[in-house]
Amino acid sequence: MSLDGKVAIVLGASRGIGADIAKHLAREGAKIAVAARSEEVKDPRLPGTIHSVTEEIIKAGKIAIPVVLNMRDADSIEVGVEQAVQE
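None of the values given here were measured: they were computed from a predicted structure.

Cut-offs applied
- Residues numbered from 1 in each chain as written.
- Predicted model: local features only at pLDDT ≥ 70, side-chain atom pairs only at ≥ 80, totals over all residues.
- Heavy atoms only, no water.
- Core = buried A, V, L, I, M, F, W, Y, C linked by side-chain atoms within 4.5 Å.
- Buried < 20%, exposed > 50% of the residue type's maximum accessible area, 1.4 Å probe, protein only.
- Helix = DSSP H or I, 4+ residues; strand = E, 2+ residues; numbered from the N terminus.
- Contact = heavy atoms within 4.5 Å.
- Arc of directions from axis to C-beta.
- Polar contact = N/O pair within 3.5 Å; in protein donor to acceptor, adjacent residues only side chain to side chain.
- Patch = residues over 30% accessible without salt bridge, like charges linked within 9 Å, V, L, I, M, F, W, Y side chains within 5 Å.
- Areas by Shrake-Rupley, 256 points an atom, 1.4 Å probe, with all protein chains shown as cover.
- Salt bridge = Lys/Arg side-chain N within 4 Å of Asp/Glu carboxyl O.
- Lys, Arg positive; Asp, Glu negative; His and termini not counted.
- Charge placed at Lys NZ, Arg CZ, Asp CG, Glu CD.
- Pairing = 2+ DSSP bridges.
- Right-handed = clockwise from strand over helix to strand, strands pointing away.

Before going further, it helps to spend a moment on the nonpolar core. Counting 16 residues, the largest nonpolar core has Val10, Ala22, Leu25, Ile32, Val34 and Ile57 as the members making the most contacts within it. Elements with a contribution of two residues or more to this core: strand 1 (7-11), helix 1 (16-27), strand 2 (31-36) and helix 2 (50-59). Among the elements that line this core, the one with the most residues is helix 1, at 4 residues. Those residues in contact with Ala22, other than ones at most four positions away along the chain, are Val10, Ala13, Ile32 and Ile57.

Attention now goes to helix 2. Buried within helix 2 we find Ile50, Val53, Thr54 and Ile57. The buried residues of helix 2 occupy an angular sector of 100 degrees when the element is viewed end-on, so they sit on one face. Against the buried residues of helix 2 lie helix 1, strand 2 and strand 3 (64-68). Backbone nitrogen of His51 and a side-chain oxygen of the N-cap are separated by 3.1 Å at the start of helix 2; the cap is Thr49.

Here the focus is a negative patch on the surface. On the surface, Asp73, Asp75, Glu78 and Glu82 cluster together to form a negatively charged patch. When you line up the elements, Glu82 lands in helix 3 (residues 74-86). Using a relative accessible area of 41% as the deciding quantity, one classes Glu82 as partly exposed.

Summarising the sheet, strand 2 and strand 3 pair through 5 bridges and their orientation is parallel. Pairing of Ala33 across the sheet is with Ile65, part of strand 3. This β-α-β element, strand 2 to helix 2 to strand 3, shows right-handed connectivity.

Laid out in structure tokens, this is it:
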């Protein structure tokens, strides 16, 4: 499945399934907005941030940007989607 020319906003992408989905879509050619609240590791049992996942995708030669997005906050959603669209 080729996703060349497509853009995906992946929510909860700082770790776990969300991070895996973001990486998979990037491998298939999509440009990725790595979206979540996690900008820094606050608990060592929960490694991963939007920045670390973005870095991993970029190191693999793909395109990604980190987007801070809180799904419980309508303003955050609007700003996050706008950021993804602009970049």
